[in-house]
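Breakdown of the fold
The primary structure of each chain is shown beneath.
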Amino acid sequence: MKEGGAQKRPGWDSYFIDIARAVAARATCLRRKYGAVIAKNNTIVSTGFNGAARGVKDCLEAGQCTRQILKIPHGQRYELCHSVHAEANAIIRASLEELNGATIYITGADAEGENGRECPSEPCMMCKRMILNAGIARVVYSDGDGGLVITAPPEWLKDRI
(Lines give C-alpha, C1' and ligand atoms only; values in the text may rest on other atoms or scores of the structure.)
Protein backbone atom coordinates (compact mmCIF):
# COMPACT_ATOMS: atom_id res chain seq x y z
CA MET A 1 0.00 0.00 0.00
CA LYS A 2 1.05 3.54 -0.62
CA GLU A 3 1.44 6.15 2.08
CA GLY A 4 -1.93 7.35 3.28
CA GLY A 5 -3.57 3.94 2.64
CA ALA A 6 -4.20 4.36 -1.11
CA GLN A 7 -3.71 1.19 -3.14
CA LYS A 8 -1.45 1.17 -6.17
CA ARG A 9 -3.34 0.41 -9.37
CA PRO A 10 -1.75 -1.85 -11.99
CA GLY A 11 -0.63 -0.27 -15.26
CA TRP A 12 -2.64 -0.98 -18.41
CA ASP A 13 -0.23 -3.65 -19.67
CA SER A 14 -0.39 -5.56 -16.37
CA TYR A 15 -4.16 -5.17 -16.24
CA PHE A 16 -4.74 -6.58 -19.73
CA ILE A 17 -2.17 -9.40 -19.37
CA ASP A 18 -3.98 -10.44 -16.16
CA ILE A 19 -7.24 -10.54 -18.12
CA ALA A 20 -5.50 -12.66 -20.78
CA ARG A 21 -4.52 -15.11 -18.00
CA ALA A 22 -8.20 -15.39 -17.02
CA VAL A 23 -9.20 -15.91 -20.68
CA ALA A 24 -6.61 -18.73 -20.95
CA ALA A 25 -8.55 -20.68 -18.32
CA ARG A 26 -11.15 -21.41 -21.06
CA ALA A 27 -8.56 -23.12 -23.31
CA THR A 28 -9.26 -26.72 -24.29
CA CYS A 29 -5.67 -27.83 -24.91
CA LEU A 30 -4.25 -30.57 -22.69
CA ARG A 31 -0.69 -29.23 -23.03
CA ARG A 32 -0.80 -25.44 -22.84
CA LYS A 33 -3.45 -22.85 -22.17
CA TYR A 34 -3.12 -19.50 -23.94
CA GLY A 35 -5.23 -16.39 -23.71
CA ALA A 36 -5.20 -13.24 -25.83
CA VAL A 37 -6.82 -9.87 -25.29
CA ILE A 38 -6.97 -7.15 -27.93
CA ALA A 39 -7.42 -3.65 -26.56
CA LYS A 40 -7.64 -0.24 -28.17
CA ASN A 41 -7.75 3.04 -26.29
CA ASN A 42 -7.62 1.02 -23.05
CA THR A 43 -10.88 -0.76 -23.93
CA ILE A 44 -11.19 -4.47 -24.68
CA VAL A 45 -12.03 -5.13 -28.33
CA SER A 46 -11.82 -8.93 -28.36
CA THR A 47 -10.55 -11.97 -26.51
CA GLY A 48 -9.53 -15.46 -27.57
CA PHE A 49 -8.15 -18.68 -26.16
CA ASN A 50 -6.66 -21.73 -27.82
CA GLY A 51 -9.26 -24.33 -28.56
CA ALA A 52 -10.68 -26.59 -31.23
CA ALA A 53 -12.30 -25.06 -34.27
CA ARG A 54 -16.05 -24.57 -34.01
CA GLY A 55 -17.87 -27.90 -34.33
CA VAL A 56 -14.72 -30.00 -33.84
CA LYS A 57 -14.32 -32.19 -30.76
CA ASP A 58 -11.64 -30.64 -28.54
CA CYS A 59 -8.89 -32.44 -26.65
CA LEU A 60 -10.67 -32.11 -23.30
CA GLU A 61 -13.76 -33.83 -24.73
CA ALA A 62 -11.65 -36.47 -26.48
CA GLY A 63 -9.47 -36.98 -23.42
CA GLN A 64 -6.32 -37.03 -25.53
CA CYS A 65 -3.98 -34.86 -27.55
CA THR A 66 -2.59 -36.16 -30.84
CA ARG A 67 0.62 -34.15 -30.50
CA GLN A 68 1.08 -35.42 -26.94
CA ILE A 69 0.52 -39.06 -27.99
CA LEU A 70 3.09 -38.67 -30.77
CA LYS A 71 5.51 -36.94 -28.31
CA ILE A 72 5.81 -33.88 -30.56
CA PRO A 73 7.72 -31.05 -28.81
CA HIS A 74 6.07 -27.70 -28.10
CA GLY A 75 6.14 -25.38 -31.09
CA GLN A 76 6.28 -28.11 -33.74
CA ARG A 77 3.83 -29.79 -36.14
CA TYR A 78 0.87 -27.49 -35.44
CA GLU A 79 -0.93 -28.98 -38.45
CA LEU A 80 -1.67 -32.07 -36.33
CA CYS A 81 -3.47 -29.98 -33.71
CA HIS A 82 -7.23 -29.33 -33.74
CA SER A 83 -6.83 -26.02 -31.89
CA VAL A 84 -6.98 -22.51 -33.23
CA HIS A 85 -4.44 -20.26 -31.50
CA ALA A 86 -5.63 -17.66 -28.99
CA GLU A 87 -4.31 -14.80 -31.13
CA ALA A 88 -6.20 -16.05 -34.19
CA ASN A 89 -9.42 -16.49 -32.22
CA ALA A 90 -9.16 -12.94 -30.85
CA ILE A 91 -8.43 -11.50 -34.32
CA ILE A 92 -11.33 -13.23 -36.08
CA ARG A 93 -13.80 -11.87 -33.52
CA ALA A 94 -12.96 -8.21 -34.17
CA SER A 95 -13.42 -5.84 -37.09
CA LEU A 96 -10.49 -4.45 -39.07
CA GLU A 97 -11.32 -0.98 -37.77
CA GLU A 98 -11.13 -2.20 -34.17
CA LEU A 99 -7.84 -4.03 -34.81
CA ASN A 100 -6.04 -1.19 -36.60
CA GLY A 101 -3.64 0.42 -34.13
CA ALA A 102 -4.68 -1.88 -31.25
CA THR A 103 -2.52 -3.81 -28.78
CA ILE A 104 -2.68 -7.59 -28.35
CA TYR A 105 -1.80 -9.15 -24.99
CA ILE A 106 -0.82 -12.83 -24.98
CA THR A 107 -0.01 -15.17 -22.13
CA GLY A 108 0.11 -18.89 -21.58
CA ALA A 109 0.81 -21.59 -19.07
CA ASP A 110 1.50 -25.29 -19.16
CA ALA A 111 -1.65 -27.27 -18.50
CA GLU A 112 -1.88 -28.72 -15.01
CA GLY A 113 -0.58 -32.12 -16.12
CA GLU A 114 2.54 -30.34 -17.36
CA ASN A 115 3.32 -28.21 -14.24
CA GLY A 116 0.87 -25.31 -14.69
CA ARG A 117 3.80 -22.85 -14.94
CA GLU A 118 3.70 -19.70 -17.04
CA CYS A 119 5.44 -20.27 -20.36
CA PRO A 120 7.01 -17.97 -22.95
CA SER A 121 4.13 -16.66 -25.07
CA GLU A 122 5.76 -15.12 -28.14
CA PRO A 123 3.39 -15.65 -31.07
CA CYS A 124 4.30 -18.30 -33.65
CA MET A 125 5.18 -17.16 -37.18
CA MET A 126 1.65 -17.76 -38.50
CA CYS A 127 0.15 -15.66 -35.69
CA LYS A 128 2.79 -12.96 -36.23
CA ARG A 129 1.69 -12.68 -39.86
CA MET A 130 -1.98 -12.46 -38.82
CA ILE A 131 -1.16 -9.77 -36.25
CA LEU A 132 0.77 -7.82 -38.88
CA ASN A 133 -2.03 -8.12 -41.47
CA ALA A 134 -4.65 -7.13 -38.90
CA GLY A 135 -2.90 -3.79 -38.38
CA ILE A 136 -2.23 -4.41 -34.69
CA ALA A 137 0.39 -1.86 -33.68
CA ARG A 138 1.73 -3.29 -30.43
CA VAL A 139 2.26 -6.77 -28.97
CA VAL A 140 2.71 -7.52 -25.27
CA TYR A 141 3.42 -11.10 -24.22
CA SER A 142 4.71 -12.93 -21.17
CA ASP A 143 8.32 -14.04 -21.24
CA GLY A 144 7.69 -17.12 -19.08
CA ASP A 145 9.58 -15.69 -16.09
CA GLY A 146 6.97 -13.22 -14.85
CA GLY A 147 8.05 -10.40 -17.15
CA LEU A 148 6.53 -8.84 -20.23
CA VAL A 149 7.99 -8.38 -23.71
CA ILE A 150 6.66 -5.34 -25.57
CA THR A 151 7.22 -5.08 -29.31
CA ALA A 152 5.73 -3.84 -32.56
CA PRO A 153 4.94 -6.23 -35.45
CA PRO A 154 7.24 -4.52 -38.01
CA GLU A 155 10.20 -5.31 -35.70
CA TRP A 156 9.63 -9.00 -36.55
CA LEU A 157 10.54 -8.32 -40.16
CA LYS A 158 14.00 -6.84 -39.54
CA ASP A 159 15.76 -10.21 -39.82
CA ARG A 160 13.60 -11.40 -42.72
CA ILE A 161 14.76 -8.97 -45.41
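On a predicted model such as this, the values are computed, not experimentally measured, just so you know.

Rolling a probe over the atoms, with the probe sized like a water molecule, indicates the empty space that remains. Empty space within the largest pocket amounts to approximately 380 Å³. What lines the largest pocket is a set of 21 residues, and nearest its centre among them are R32, Y34, G75, Y78 and H85. Class assignment of the residues belonging to the lining of the largest pocket gives a composition of ten nonpolar, six polar and five charged. The calculated volume of the second largest pocket comes to roughly 290 Å³. Considering the residues around the second largest pocket, the lining is formed by 16 residues, among which F49, A52, R54, N89 and R93 are closest to the centre. Of all the secondary-structure elements, those providing two or more residues to the lining of the second largest pocket are strand 2 (43-49), strand 3 (51-52) and helix 4 (86-92). Grouping the amino acids of the lining of the second largest pocket by side-chain chemistry returns six nonpolar, six polar and four charged.

On to the pattern of salt bridges, then. The final tally for this structure, using the stated rule, is five salt bridges. Notably, a salt bridge pairs D110 with R32, separated by 2.8 Å at the nearest N-O pair. Of this pair, D110 sits in strand 5 (residues 103-110) while R32 is found in strand 1 (residues 32-40), placing the two residues 78 residues apart along the sequence. Given the relative accessible area of 18%, R32 is considered buried. Linking E122 and K128 is a salt bridge whose minimum nitrogen-to-oxygen distance equals 2.6 Å. Residue class for E122 comes out partly exposed when judged on its relative accessible area of 43%. Several salt bridges converge on common partners, so that one network encompasses D18, R21 and E118.

Considered for burial, the residues of helix 6 (residues 125-134) that qualify are C127, K128, I131 and A134. The buried residues of helix 6 all sit within an arc of 130° when viewed along its axis, so they share a single face. Where the residues of helix 6 are buried, they touch helix 4, helix 5 (96-99), strand 5 and strand 7 (138-142). The first or second residue beyond helix 6 is G135, which carries a positive phi of 85°.

Calculation criteria
Counting starts from 1 at the beginning of each chain's written sequence and moves along it residue by residue. Thresholds applied to this predicted model are a pLDDT of at least 70 for local features of residues and 80 or more for the giving and counting of side-chain atom pairs; totals over whole chains, interfaces and linings are not thresholded and use all residues. Working from all heavy atoms in the structure, the side-chain values ignore hydrogens and water. In this analysis, the protein atoms alone were mapped onto a 1 Å grid. Cavities are point sets where a 1.4 Å probe fits without being able to get out; pockets are open sets with protein on both sides within 12 Å along at least five of seven lines; lining residues have an atom within 4 Å of a point. Grid points are joined across faces, edges and corners, and a volume is the space filled by probe spheres set on the points. All amino acids are sorted into three groups, where Ala, Val, Leu, Ile, Met, Phe, Trp, Tyr, Cys and Pro are nonpolar, Asp, Glu, Lys and Arg are charged, and the leftover types, Gly among them, are polar. Numbering of helices and strands runs from the N terminus, with a helix taken as a DSSP run of H or I at least four residues long and a strand as a DSSP run of E at least two residues long. A carboxyl oxygen of Asp or Glu within 4 Å of a side-chain nitrogen of Lys or Arg is what we treat as a salt bridge. Summary of the burial criterion: residues with accessible area below 20% of their type's maximum are buried, those above 50% are exposed, and those between are partly exposed, where the area comes from a 1.4 Å probe applied to protein chains only. The reported arc concerns the directions from the helix axis to the C-beta atoms and nothing else. The contact criterion used is simple: two residues touch if any of their non-hydrogen atoms lie within 4.5 Å.

That's the geometry; what it means functionally is another story.
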